[in-house]
Amino acid sequence: MEFFKIRRDIPFMRHAVVFNIISFVTFALAVFFLVTRGLHLSVEFTGGTVMQVQYPQAAEVERIRQSVSSLGFAEVQVQNFGTARDVMIRLPAQKGVSSAQQSDQVMATLKATEPQVLLKRTEFVGPSVGEELAADGLKALAMVVVGIMVYLALRFEWKFAVAAIIANLHDVIIILGFFAFFQWEFSLAVLAAVLAILGYSVNESVVIFDRIRENFRRYRKMDTVEIIDNAITSTISRTIITHGSTQIMVLSMLLFGGATLHYFALALTIGILFGIYSSVFVAAAIAMWLGIKREDLIKAAPRKDGDPGDPNAGAVV
Amino acid sequence: MNRYPLWKYLILVVALLVGALYTLPNFFGEAPAVQVSAGKATTRVDTTTLARVEQALAQAGLKPHSIALEGVSVRARMNSTDDQLKAKDAIQRALVPDPANAPYVVALNLIPASPAWLSAIHAAPMYLGLDLRGGVHFMLQVDMQAALTKRAESYAGDLRTQLREANIRHAGITRNGQSVEVRFREAAVMEQALKLVATQFPDLATTSGPDGADYRISATIKAEAGRKVQEQALKQNITTLHNRINELGVAEPVIQQQGLDRIVVQLPGVQDTAKAKDILGRTATLEMRMVDDSAEARAAEQGSGPVPFGAERYFERDGRAVIVKKQVILSGDSLTDAQPGFDSQTQQPKVDLTVDAKGGRIMRDTSRENIRKRMAILLFEKGRGEVLTAPVIQGELGNRFQISGSMSVTEANDLALLLRAGSLAAPMEIIEELTIGPSLGAENIAKGFNSVIWGFAAIVAFMAIYYMLFGLFSGLALAVNLLLLVAILSMLQATLTLPGMAAMALALGMAIDANVLINERVREELRLGAAPQVAIHAGYDRAWATILDSNITTLIAGVALLAFGSGPVRGFAVVHCIGILTSMFSAVFFSRGLVNLWYGRQKKLKSVSIGTIWRPEGDAVAKKG
């Protein structure tokens, strides 16, 4: 079986401007929603209490909300979680009242109306912990960005590093934009998914860059645009199949993983789709505009002296 | 060209065997068991305990499936849950005659049901996180500032005493936050005091100078000493928590330090959070009282008379009665430290006690009047008192004194621990709490398992259809990847959580990338007209550099998550990183091995089964050649 019967190289770079404009508009929209709507942060970041309870029959969310509100909590969110019987209750952090008292009070109130209600999970996070987690998340993001850039700069060249990181950070912003627009809950697991996607879609750009480097060596007569077009065309089938396979796995999580893994899988799905787009259409184009040349990548051959301090000098891959 | 030397195949076979062996325990599930562990710091669980448990079971007519001493607990695996409950009752009766004063914790537990030969090579199933098995998780923040303030307070008292003893007249001592301020009328007196502080209080750093008409010394705890205070406070709190949690009868509690000032407590299987929180926050008190040595009291001690008026009967740990007076000399608040050590003259183990200045004064007065009499140290918990020790006073005591005598090193250590563990060194606050019901845990396991299995099946099916035999090899390599991943997680005894299972699924989804790269490369070489053997060789070779690059970038993200992540993110990151490493092995090394085994020996290979090799009418080949 073969899905990709491509006769000649597809001139991707001819439309580079269009692709980048699409990309930029999506990016701008994502930023707009992030600023105006903000992320719906989970209790892990904001601090507070989450309770997951199960009713023997379909729960009446409105009544639960009323009875919990009557306890005097400022902002109570009550919503179904996965099934009609499962309900998630979010309470903001309160000064002076310990988590134990909060969840016990709520359970007592719920038991009063429906004795059969079952407490499945409670989670309490103090406000200081939330701030730390947010700070750690940003640190992790910075470390990923720097680490990947350094690696790519060593392995290829700084222009590739810059192109790859711009293309993929814009994926991250777009994922966040989706979460802001739909007000999906942004939890620690989603953060992990976002960072994993960052590593994963850079990997996509690497495959294309690798091919560009190889083409520079093999086809001496082609110019840069042709080389990039050829590199993308010859890897496109691998790109689609690989991402398709990963998406199968993520889909399986989306279908079977239940409510806990729902947003995690959703973040991965968006990340995978935009990862393909940005690696194929954006990263290579940026690298092109940054002015990659044959000489940048094949240092040993044209310059015989070669930098003796360069560990990759003369390396043939 | 496509042949592996024998040793490479051997590596593959060994890796597969080891992987299979260590994955195996995960399939056996868990069996009901009764676990006996120490309920007090002074009880030891050793072979005698094992023998007692065996005996208790034999008397009750129960035959355990297996029974063994593992680390610090005895575990008896039973054949059914029915037997398990009976066994627990039997052991409880035999080992814990008085439930109010339990030397052992007898708890129901589930232990891996893998056969003995697997346990013998330390093959155990993955450790399931709380979100998969149910239980409670607390993160407690220790208020270090309070510990330092408490210490500063005791320094203020000590300074007062020392200055008075040295006849240095001061104009007032106050504690200001965590520093102690001493005022003087004259500069010369201040100098004297400075000298005293420098010699007697090495842990204090001082600044001094004129302050209005007066002179002032401001003493603060040195940074290093402060750190020591904090470390000790944390350790003491952990010890205290251990003692308290033992009462809950939790089979495998986790009590760990996290960071500089946090303690994580995990109690798998516990559902009653209210009780758990109550026990964590309880306070215990320590009291020092004189032993009543009147004739009536002696008689009462022997059990041959009533307890005299103004006295009470308490028991030592070994069950001996001690009659102590009701009047409390000192309470635990005065005790600032208790450390085991050795007597410099007799070389016998001892415990050094330090009490604050006020306590020191009382101690001196009391001891002077009661030389050669016994003083008891009692620990009260839940309103029940117990005599920790009742030594004879040998001389006049100050604010530092020692308990020595017929003690072993272990006993000295335990006593010091108990003296310190009586109370919390610094207040704690719950800053994170998580309760997972047992049904939710089981649901999470099923969800994670289904995600992995269905995704895996779908990928393998697709690969086999699209790449034919090569796809099948890729699928096998993916299976090996899963096998090795589970084996390594089991070996490391890493904690598996739901995000961890998600990472497993994701690792498989990403691992297939390497095989797709290889297969596409091989196809491409064939398309360009390479001979099959050459195409396979070149395909693997060229793909390798790309695979390495792309995996390293993914690994960078994984390591960043591992470094900065906590809780669920960490669980994800561990599996993610290990998954990347195993995928490099299986996707490249293992699948190549399969291909070599299948095709490598055929000298005149005409075609390979890798799906359609579509050629665009040959013009592309001509142009690029």
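Residues numbered from 1 in each chain as written. Chains lettered and ligands numbered in written order. Predicted model: local features only at pLDDT ≥ 70, side-chain atom pairs only at ≥ 80, totals over all residues.

### Side note on the overall build of chain A
A tally of helices and strands in chain A yields 10 helices and 6 strands. Over its C-alpha trace chain A gives a radius of gyration of 25 Å, far above what one expects of a compact globule, namely 20 Å for 317 residues. Dimensions of chain A, computed from the C-alpha atoms along their principal axes, are close to 85 × 45 × 30 Å. By the burial criterion, 48% of the 317 residues in chain A qualify as buried. A fraction of 76% describes how many contacts in chain A between residues 6 or more apart in sequence connect residues 24 or more apart. (Helix = DSSP H or I, 4+ residues; strand = E, 2+ residues; numbered from the N terminus. Rg over C-alpha atoms; globule rule 2.2 N^0.38 Å. Buried ≥ 20, exposed ≤ 12 C-beta atoms within 10 Å, placed from the backbone. Contact = placed C-beta atoms within 7 Å.)

### With respect to the overall build of chain B
Summing up its helical and strand segments, chain B has 17 helices and 22 strands in all. Whereas a compact globule of 625 residues would reach a radius of gyration of roughly 25 Å, chain B reaches 34 Å, over 25% beyond that. The principal-axis extent of the C-alpha atoms belonging to chain B is close to 110 × 75 × 45 Å. Counting the 625 residues in chain B, one finds 43% classified as buried.

### Some words on helix H8 (residues 223-246) of chain B
Its 24 residues give H8 of chain B an end-to-end C-alpha distance of 35 Å, which sits within 8% of 34 Å, the value for a rise of 1.5 Å per residue. Val229, Gln230, Ala233, Leu234, Gln236, Asn237, Thr240, Leu241, Arg244, Ile245 and Asn246 of chain B are the residues of H8 of chain B that are buried. (Expected span 1.5 Å × (residues − 1).)

### Looking at helix H3 (residues 81-95) of chain B
Residues and elements named next belong to chain B. Counted at 1.5 Å a residue, the expected span for H3 with its 15 residues is 21 Å, and the 21 Å between its end C-alpha atoms agrees. Within the sequence span of H3, burial applies to Asp83, Gln84, Ala87, Lys88, Ala90, Ile91 and Leu95. Elements that come into contact with the buried residues of H3 comprise strand S1 (30-38), helix H2 (47-59), strand S3 (73-77) and strand S4 (104-112).

### A few points about the interface of chain A and chain B
Listed per partner, the contact involves 64 residues of chain A and 64 residues of chain B. At the level of elements, helix H4 (99-113), strand S5 (118-125), helix H5 (127-155), helix H7 (188-218), helix H8 (224-256) and helix H9 (258-289) of chain A are the ones that each hand at least two residues to the side of chain A that touches chain B. In terms of residues, the side of chain A that touches chain B owes the most to one element, H7 of chain A, which gives 14 residues. Tallied by class, the residues present in the side of chain A that touches chain B amount to 34 nonpolar, 17 polar and 13 charged. Here S5 of chain A runs beside strand S21 (residues 428-436) of chain B; their pairing, made up of 5 bridges, is antiparallel. Paired with Thr122 of chain A across the two strands is Thr435 of chain B, which belongs to S21 of chain B. (Nonpolar A, V, L, I, M, F, W, Y, C, P; charged D, E, K, R; others polar. Pairing = 2+ DSSP bridges.)

### Digging into the pairing of strand S10 (residues 214-221) of chain B
All names here are of chain B. Two elements, strand S8 (residues 179-184) and S10, share 6 bridges in a ladder whose sense is antiparallel. By the bridge assignment for S10, Ser179 is matched with Thr220. In this sheet, S10 lies alongside strand S9 (residues 204-211) in antiparallel orientation, the contact comprising 8 bridges. Of the residues in S10, the one forming a bridge with Pro210 is Tyr215. Counting the residues between successive antiparallel strands, the hairpin from S9 to S10 contains 2 residues, one of them, Gly212, with a positive phi of roughly 65°.

### Let's talk about the pairing of strand S12 (residues 262-268) of chain B
All names here are of chain B. Summarising burial for S12: 5 of the 7 residues are buried, a large majority. Pairing analysis gives 7 bridges linking strand S6 (residues 135-142) to S12, with the strands arranged antiparallel. When the sheet's bridge partners are listed, Gly135 is paired in S12 with Pro268. Here 5 bridges tie strand S11 (residues 254-258) to S12, and the two strands are oriented antiparallel to one another. Across the sheet, residue Gln256 finds its bridge partner in S12, namely Val264. Counting the residues between successive antiparallel strands, the hairpin from S11 to S12 contains 3 residues, one of them, Gly259, with a positive phi of roughly 70°.

### Here we look at the domain arrangement of chain A
One can read the domain layout of chain A as domain 1 (12-40 + 130-297) and domain 2 (48-125). Relative placement of domain 1 of chain A and domain 2 of chain A: their C-alpha centres are 39 Å apart. (Domains from an automatic or database assignment.)

### Here's the deal with the packing of H7 of chain A against H8 of chain A
All names here are of chain A. Axis separation between H7 and H8 bottoms out at 9 Å; the angle between their running directions is 135°. The angle between the axes of H7 and H8 places the two elements in the oblique class. The two elements H7 and H8 meet at a crossing, and its hand is right-handed. Seen from H7, the contacting residues are Glu204, Val207, Ile208, Arg211, Ile212, Asn215 and Phe216; seen from H8, they are Ile227, Ile228, Asn230, Ala231, Ile232, Ser234, Thr235 and Thr239. (Axes fitted to C-alpha atoms, helices over the stretch in contact; angles between N-to-C directions. Parallel < 35°, antiparallel > 145°, perpendicular 65-115°, else oblique. Left-handed = near helix turned anticlockwise from the far one by under 90°.)

### Some remarks on the sheet that holds strand S20 (residues 400-404) of chain B
All names here are of chain B. Here 3 strands make up an open sheet; going across it, the order is S16-S17-S20 and the pairing antiparallel. Each edge of the open sheet carries a strand with a single partner, namely strand S16 (335-342) and S20. On average, each strand axis in the sheet is inclined to that of its neighbour by 25°, with strand direction left out of account. Relative to strand S17 (residues 349-355), S16 is paired through 7 bridges, and the arrangement is antiparallel. By the bridge assignment for S17, Asp337 is matched with Thr354.

### Brief notes about the environment of Glu131 of chain A
All names here are of chain A. In this fold, Glu131 is placed in helix H5. The partly exposed category is assigned to Glu131, around which 13 C-beta atoms lie within 10 Å. C-alpha of Glu131 to C-alpha of Ile272: the two residues are 141 residues apart in sequence and 29 Å apart in space.

### Things to note about the domain arrangement of chain B
With domains assigned, chain B is organised as domain 1 (6-22 + 437-624), domain 2 (30-113), domain 3 (145-225) and domain 4 (285-400). Averaged C-alpha coordinates put domain 2 of chain B and domain 3 of chain B at centres separated by 55 Å.

### Observations regarding the sheet that holds strand S2 (residues 66-70) of chain B
Residue and element names in this part refer to chain B. Read from one edge to the other, the open sheet built from 4 strands follows the order S2-S3-S1-S4, with strand pairing classed as antiparallel. Each edge of the open sheet is held by one strand with a lone partner, namely S2 and S4. Between one strand axis and the next, the sheet turns by 25° as a mean value, whatever way the strands run. Judged from the 5 bridges that link them, S1 and S3 form a sheet pairing that is antiparallel. Among the inter-strand pairings, Ser37 is bridged to a residue of S3, identified as Ser73. Relative to the sheet, H3 contacts S1, S3 and S4, its axis offset from that of S1 by approximately 10°.

### A short note on unusual backbone geometry
Trans peptide bonds make up the majority, and among non-glycine residues the majority have a negative phi. All names here are of chain B. Here His122, not a glycine, exhibits a phi torsion of approximately 60°, which is positive. Relative to the helices and strands, His122 resides in the loop between helix H4 (116-120) and strand S5 (127-128). Even without being a glycine, Met468 presents a positive backbone phi close to 55°. With respect to the helices and strands, Met468 occurs in helix H13 (residues 438-492).

### Observations regarding the packing of helix H6 (residues 144-165) of chain B against helix H11 (residues 357-369) of chain B
Residues and elements named next belong to chain B. Their axes nearest at 7 Å, the elements H6 and H11 cross at an angle of 50°. Taken together, the axes of H6 and H11 lie oblique to each other. For the pair H6 and H11, contact is made by Gly157, Asp158, Arg160 and Thr161 and by Ala357, Lys358 and Gly360, respectively. The residue makeup of the contact of H6 with H11, split by class, is 1 nonpolar, 3 polar and 3 charged.

### Section: the environment of Asp513 of chain B
Its place among the elements puts Asp513 of chain B in helix H14 (residues 498-527). Apart from the residues lying within four places of it in its own chain, the contact partners of Asp513 of chain B are Thr242 of chain A together with Ser550 of chain B.

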